[in-house]
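# Reading the structure
So you can see what is in the structure, the chains are spelled out below.
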Amino acid sequence: MCSLLVFESIPNTRSGQRERERESRREGKSGESRMENTAEEEVAVMSGGAIGGGETVVCVTGAGGYIASWLVKILLSKGYTVHGTVREPSDKKNEHLKNLENSEKLVLFKADLLNYGELYSAIVGCSGVFHVASPVPPGSVPNPEKELVEPAVDGTLNVLKASEAAEVKKIVFVSSAAAICMTPNPPENNFYDEECWSDTEYCRVTENWYCLSKTLAEKRALECAKERGLELVTVCPTFNLGPMLQNSVNASSLFLVKLLRGEKDTVANAVHGIVDVRDVAEALVLVYEKQEASGRYLCNAHCVRTCELVDILKRMYPNYKYPKEYTASSHERYLSSKKLQNLGWHFRPLEETLADSVESFRGHGLLE
Ligand SMILES: NC(=O)c1ccc[n+]([C@@H]2O[C@H](COP(=O)([O-])OP(=O)(O)OC[C@H]3O[C@@H](n4cnc5c(N)ncnc54)[C@H](OP(=O)(O)O)[C@@H]3O)[C@@H](O)[C@H]2O)c1
């Protein structure tokens, strides 16, 4: 039987929480009877007995998303207990989480990024937090400040605030290469590293709202962590490809789906930084577990032009429709992951990422 548990937000205070933990211990409750506990008791058990027993409990925000699902899978396989936040636990799009191995160690909490109380309920009792959730729309949105920037920035500050209140030891924040590369003044030879930041004014002027949301969120997170003395590491992945665990297609996978479906005859011949979603999830765990990890980490594996990407795909899958023409693009960025590799990070060959993506898309019926 799948024992994935789901909790709505529990109004909580730290003193109330501690009292419940004490109460729970007095009554001799333990993890074994979790399925019969009420939601409040559950949080108390998780934050008391389980941690005391040497088990590590971590929170993953936006657990049902593309990257977060792989992260949850890896964490569960390593024996972590995971508090996963989702906006709507009953939504079918989160169903895949039930099928993960060790899903009995995954507890789902209903939490919106703009609801501090909901986030606190998920984070209390955790020694680590992986803040992954942020809006990643596949196209433009009518009100980007409200729909993109606000949840990214205020949501991140809520996560940090809740982590501080819950005395979390380490926070890993998923930023993006979008917070690094969007600038009118590129570095020499377009070679970007962790020193580079996207220019927020330039993001606004060029209406790159997603880049703006990620840049502001990461900047504010680093400032807030410094002010409050929180241990925060940020990871900035490039474009993620690779198999999907979830059933609904996410924005970065959609790019490859459209390329394979030949939806456009002409495409821009830009240079793309590409990284496998599984390698990103491994990177997040690596920076969490390595004590020496600090600051920002760019997470990129391959830099390829669209025409090179299409040539590789054509060799592997000659029968799909592909773009016929390319337009010149000034979008040329080379990104180094040296800092992450020095920490022990490895990545897959591009061909493996593409093959596993295509197989996954076929399995989801996206290429028919
Ligand atoms: N995929 C990439 O190429 C890529 C590259 C670099 C960085 N990133 C970053 O990686 C993270 C995950 O992206 P992804 O590609 O895995 O996208 P995804 O599958 O769309 O996941 C985004 C997650 O954020 C959640 N979310 C959005 N707004 C929220 C809100 N207001 N409250 C609570 N949850 C909210 C979504 O929940 P719902 O399911 O309820 O909408 C979803 O679970 C993001 O921070 C993104 O910026 C992605």
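Residues numbered from 1 in each chain as written. Predicted model: local features only at pLDDT ≥ 70, side-chain atom pairs only at ≥ 80, totals over all residues.

### Quick word on the overall build of the protein chain
The test is simple: In this description a helix means any DSSP run of H or I spanning at least four residues, a strand means any run of E spanning at least two, and both kinds are numbered starting from the N terminus. Whether a residue is buried, exposed or partly exposed is read from the other C-beta atoms within 10 Å of its own C-beta, which are placed from the backbone; 20 or more gives buried, 12 or fewer gives exposed, and intermediate counts give partly exposed. Working definition of a contact: two residues with C-beta atoms, positioned from the backbone, lying within 7 Å.
The secondary structure content of the protein chain amounts to 12 helices and 15 strands. Each of the 368 residues in the protein chain was classed as buried or not, and the buried ones make up 45%. Residue pairs at least 24 apart in sequence account for 77% of intrachain contacts in the protein chain once pairs closer than 6 positions are excluded.

### A look at the sheet that holds strand S11 (residues 271–276)
For the record, the criterion: Strand pairing follows a simple DSSP-based rule, namely that at least 2 bridges must link the two strands. Lines fitted to C-alpha atoms define the axes, with helix axes restricted to the stretch in contact, and inter-axis angles between N-to-C directions lie between 0 and 180 degrees.
Taken in spatial order, the 3 strands make up an open sheet running S9-S11-S13, and their pairing is mixed. This sheet does not close on itself; its edge strands, each paired only once, are strand S9 (239–241) and strand S13 (302–305). Across the sheet, the mean angle from the axis of one strand to that of its neighbour is 45°, orientation sign disregarded. Taken together, the 4 bridges between S11 and S13 define a ladder with antiparallel strand orientation. Paired with Val-271 across the strands is Arg-305, a residue of S13.

### Section: the site of the ligand
The criterion, for reference: Proximity of a residue to a molecule or strand is defined by its backbone-placed C-beta atom lying within 6 Å of that partner. Each residue gets one of three labels, nonpolar for Ala, Val, Leu, Ile, Met, Phe, Trp, Tyr, Cys and Pro, charged for Asp, Glu, Lys and Arg, and polar for the others, Gly among them.
Around the ligand sit 26 residues, and of these Gly-62, Gly-65, Tyr-66, Ser-134 and Ser-252 come closest. Of all the elements in the fold, those that place two or more residues in the shell around the ligand are helix H3 (66–77), helix H5 (144–165) and S9. Tallying contributions element by element places H3 first for the shell around the ligand, with 3 residues. Per-class residue counts for the shell around the ligand are 13 nonpolar, 9 polar and 4 charged.

### A closer look at the confidence of the model for the protein chain
Basically, it comes down to this: A residue's pLDDT is the confidence the predictor assigns to it, expressed on a 0 to 100 scale.
Taken as a whole, the protein chain shows an average pLDDT of 87; of its residues, 85% reach a score of 70 or greater. Contacts from residues 1–54, a stretch scored under 50 in pLDDT, to residues over four places away or in other chains number 79 contacts.

### Digging into helix H7 (residues 209–228)
The line we're drawing: Multiplying 1.5 Å by the helix residue count minus one yields the expected span of that helix.
With 20 residues, H7 should reach 28 Å at 1.5 Å per residue; the first-to-last C-alpha distance of 28 Å fits that figure. Here H7 has its buried residues at Trp-209, Tyr-210, Cys-211, Leu-212, Ser-213, Lys-214, Thr-215, Ala-217, Glu-218 and Ala-221. On its buried side, H7 packs onto H5, strand S6 (170–174), helix H6 (200–205) and strand S8 (232–237). At the C-terminal side of H7, Gly-229 shows a positive phi close to 70°.

### Describing unusual backbone geometry
Positive phi values are uncommon outside glycine, yet Glu-167 reaches one of about 55°. As for its placement among the helices and strands, Glu-167 is situated in the loop between H5 and S6. With 12 C-beta atoms counted inside 10 Å, the residue Glu-167 sits in the exposed group. Positive phi, close to 60°, is recorded for Glu-207, a residue that is not glycine. Inspection of the secondary structure assignment puts Glu-207 in the loop between H6 and H7. On the neighbour-count criterion, Glu-207 (10 C-beta atoms within 10 Å) is exposed.

### A short note on the pairing of S6
Burial runs high along S6: 5 of the 5 residues are buried. Covered by surrounding structure in S6 are Lys-170, Val-172 and Val-174 together with Ile-171 and Phe-173, the residues of both alternating faces. Relative to S6, strand S5 (residues 128–131) runs parallel, the two sharing 4 bridges. Within the sheet, the bridge partner assigned to Phe-130 lies in S6 and is Val-172. With 4 bridges connecting them, S6 and S8 associate as parallel partners. Paired with Phe-173 across the two strands is Thr-234, which belongs to S8.

### Some remarks on helix H10 (residues 306–316)
This is how it is decided: Directions pointing from the helix axis toward each C-beta atom define the arc.
Taken as a whole, H10 has its buried residues at Leu-309, Val-310 and Leu-313. Taken down its axis, H10 places every buried residue within 95° of arc, on the same side. Exposed and facing more than 90 degrees away from the buried side of H10 are Lys-314 and Arg-315.

### Considerations on the packing of H5 against H7
As a reminder, the rule being used: Any angle that is under 35 degrees is reported as roughly parallel, and any over 145 degrees as roughly antiparallel; angles of 65 to 115 degrees are reported as roughly perpendicular and all others as oblique. Each crossing gets its handedness from the near helix: less than a right angle anticlockwise from the far helix is left-handed, clockwise is right-handed.
The contact between H5 and H7 brings their axes to 9 Å, and the two run at 20°. What the angle tells us is that H5 and H7 run roughly parallel. Of the two possible hands of crossing, H5 and H7 adopt the one that is right-handed. Residues Pro-144, Leu-148, Val-149, Ala-152, Val-153, Thr-156, Leu-157, Leu-160 and Glu-164 of H5 form the contact with H7, whose own contacting residues are Trp-209, Tyr-210, Leu-212, Ser-213, Lys-214, Leu-216, Ala-217, Arg-220, Ala-221, Cys-224, Ala-225 and Arg-228. In the contact of H5 with H7, the residues fall into 15 nonpolar, 2 polar and 4 charged.

### Brief notes about the pairing of S8
Most of S8 sits out of view: 6 of its 6 residues are buried. Side chains Leu-232, Thr-234 and Cys-236 project from S8 onto one buried face, and the interleaved Val-233, Val-235 and Pro-237 project onto a second face that is buried too.

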